Amino acid sequence: QVQLVESGGGLVQAGGSLRLSCAASGRTFSSYGMGWFRQAPGKEREFVTAISRGGGSTTYVDFVKGRFTISRDNAKNTVYLQMNSLKPEDTAVYYCAAKYLGGATTRVFDYWGQGTQVTVSS
């Protein structure tokens with residue numbers, strides 16, 4: 001089992017950047033594929049990006065390609081989401097998620113963090 005805690009959300013102007021972090025508990029972090037999702041007000045939670053256990057493979061939803069970058073540091077049990085060129089439509093609660101033996105193409109995850117709010121002002 002793994003517990004996930006996100007941080008790094010906040011208020012930023014359009015065009016700005018934020019880096020989200022997700023710290024995982026446990027000693028087997030490298031056994032988990034990791035992902036980021038987001039949920040905007042009144043909308044369903046949607047997939048944003050995922051990364052393989054070793055960090056060598058990543059996938060992104062089209063609307064963040066070229067702007068967001070997922071990475072991980074297995075020595076620190078942490079996955080990151082670097083978000084650049086933010087737009088007001090990126091406003092959402094961002095969640096990190098983990099899947100045991102998952103990979104970059106995983107879309108169904110077993111463990112979730114509590115979320116961190118990202119608000120982009122125009």
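As a reminder, the structure under discussion sits directly above these lines.
Presented here is an overview of the structure given in this document. Being a predicted model, the structure only gives us computed values, none of them experimental.

1. Remarks on the overall build of the protein chain
Line of reasoning, step 1. Scanning the protein chain from terminus to terminus reveals 0 helices and 11 strands.
Line of reasoning, step 2. Traced from its N-terminal end to its C-terminal end, the protein chain shows the element sequence β-β-β-β-β-β-β-β-β-β-β.
Line of reasoning, step 3. Relative to the compact-globule value of 14 Å for 122 residues, the protein chain shows a C-alpha radius of gyration of 13 Å, a close match.
Line of reasoning, step 4. With respect to the principal axes defined by its C-alpha atoms, the protein chain has extents near 40 × 25 × 25 Å.
Line of reasoning, step 5. Burial status across the protein chain gives 48% buried among its 122 residues.
Line of reasoning, step 6. Of all intrachain contacts in the protein chain linking residues separated by at least 6 positions in sequence, the fraction that spans at least 24 positions is 59%.
Line of reasoning, step 7. On the protein chain, roughly 6100 Å² of surface is accessible, and the fraction owed to carbon and sulfur atoms is 46%.
Line of reasoning, step 8. Between the mean site of the 13 positive side-chain charges and the mean site of the 8 negative ones, the protein chain shows a separation of 6 Å.

2. Observations regarding the sheet that holds strand β7 (residues 68-73)
Line of reasoning, step 1. Strand order across the open sheet formed by 4 strands is β1-β3-β8-β7, with antiparallel pairing between neighbours. Where the open sheet ends on each side, the last strands, each with one partner, are β1 (4-7) and β7. For this sheet, the mean angle separating the axes of adjacent strands, direction not counted, is 15°.
Line of reasoning, step 2. The sheet contact formed by β1 and strand β3 (residues 18-24) spans 4 bridges and is antiparallel. Within the sheet, the bridge partner assigned to E6 lies in β3 and is C22.

3. Brief notes about the environment of C22
Line of reasoning, step 1. Structurally, C22 is set in strand β3.
Line of reasoning, step 2. Residue C22 is classed as buried on the basis of its relative accessible area, which comes to 0%.
Line of reasoning, step 3. When the C-alpha positions of C22 and E44 are compared, they lie 21 Å apart, and in sequence the two are 22 residues distant.
Line of reasoning, step 4. If we skip the residues at most four places from it in the chain, C22 touches L4, V5, E6, M34, W36, N77, T78, V79 and C96.

4. Focus: unusual backbone geometry
Line of reasoning, step 1. With phi around 50°, S85 is a residue other than glycine that occupies positive phi space.
Line of reasoning, step 2. By secondary structure assignment, the location of S85 is in the loop between β8 (78-83) and β9 (92-100).
Line of reasoning, step 3. Among the residues examined, S85 registers a relative accessible area of 41% and is labelled partly exposed.
Line of reasoning, step 4. We note that L101 has phi near 60°; this positive angle belongs to a residue other than glycine.

5. Remarks on the environment of S52
Line of reasoning, step 1. For S52, the location among the structural elements is in the loop between β5 (46-51) and β6 (58-60).
Line of reasoning, step 2. Accessibility expressed as a relative area gives 13% for S52, which makes it buried.
Line of reasoning, step 3. C-alpha of S52 to C-alpha of D110: the two residues are 58 residues apart in sequence and 15 Å apart in space.
Line of reasoning, step 4. Non-local contacts of S52, meaning those with residues more than four positions away in its chain, are made with S57, R72, G103 and A104.

6. Re the state of the cysteines
Note on terminology: a disulfide is the covalent bond linking the sulfur atoms of two cysteines.
Line of reasoning, step 1. Per the counting criterion, the structure on display carries 1 disulfide.
Line of reasoning, step 2. Here C22 connects covalently by a disulfide to C96, the sulfurs 1.9 Å from one another. Taken together, the positions of C22 in strand β3 and C96 in strand β9 put the pair 74 residues apart, joining distant regions of the chain. Residues C22 and C96 agree in their burial class; the two are buried.

Calculation notes
Along each chain, numbering runs from 1 in the same order as the chain's sequence is written. The predicted origin of the model limits local features to residues at a pLDDT of at least 70 and limits the giving and counting of side-chain atom pairs to 80 or more, whereas totals for whole chains, interfaces and linings rest on all residues. The side-chain figures draw on all heavy atoms in the structure; neither hydrogens nor water molecules are used. Each helix is a run of H or I in the DSSP string that is no shorter than four residues. Each strand is a run of E no shorter than two, and both are numbered from the N terminus. With the radius of gyration taken over C-alpha atoms, the globule rule is written as 2.2 Å times the number of residues to the power 0.38. Burial classes follow relative accessibility: with a 1.4 Å probe on protein chains only, a residue under 20% of its type's maximum area counts as buried, one over 50% as exposed, and anything between as partly exposed. In this description, contact between two residues means that some pair of their heavy atoms is separated by no more than 4.5 Å. For accessible areas, the Shrake-Rupley method is used with a probe of radius 1.4 Å. Any residue's cover is judged against the shown protein chains and nothing else. Residues scored as charged are limited to Lys and Arg (positive) and Asp and Glu (negative), so that His and the chain ends carry no count. In plain terms, the charge of a residue is placed at NZ if it is Lys, CZ if Arg, CG if Asp and CD if Glu. Two strands qualify as a pair provided that DSSP identifies no fewer than 2 bridges between them. Each axis is a line fitted through C-alpha atoms, and for a helix only the stretch in contact is used; angles between axes span 0 to 180 degrees, taken between their N-to-C directions. By convention in this document, the label disulfide applies to cysteine sulfur atom pairs within 2.5 Å.

Scope: geometric values only; no functional claims are made or implied.
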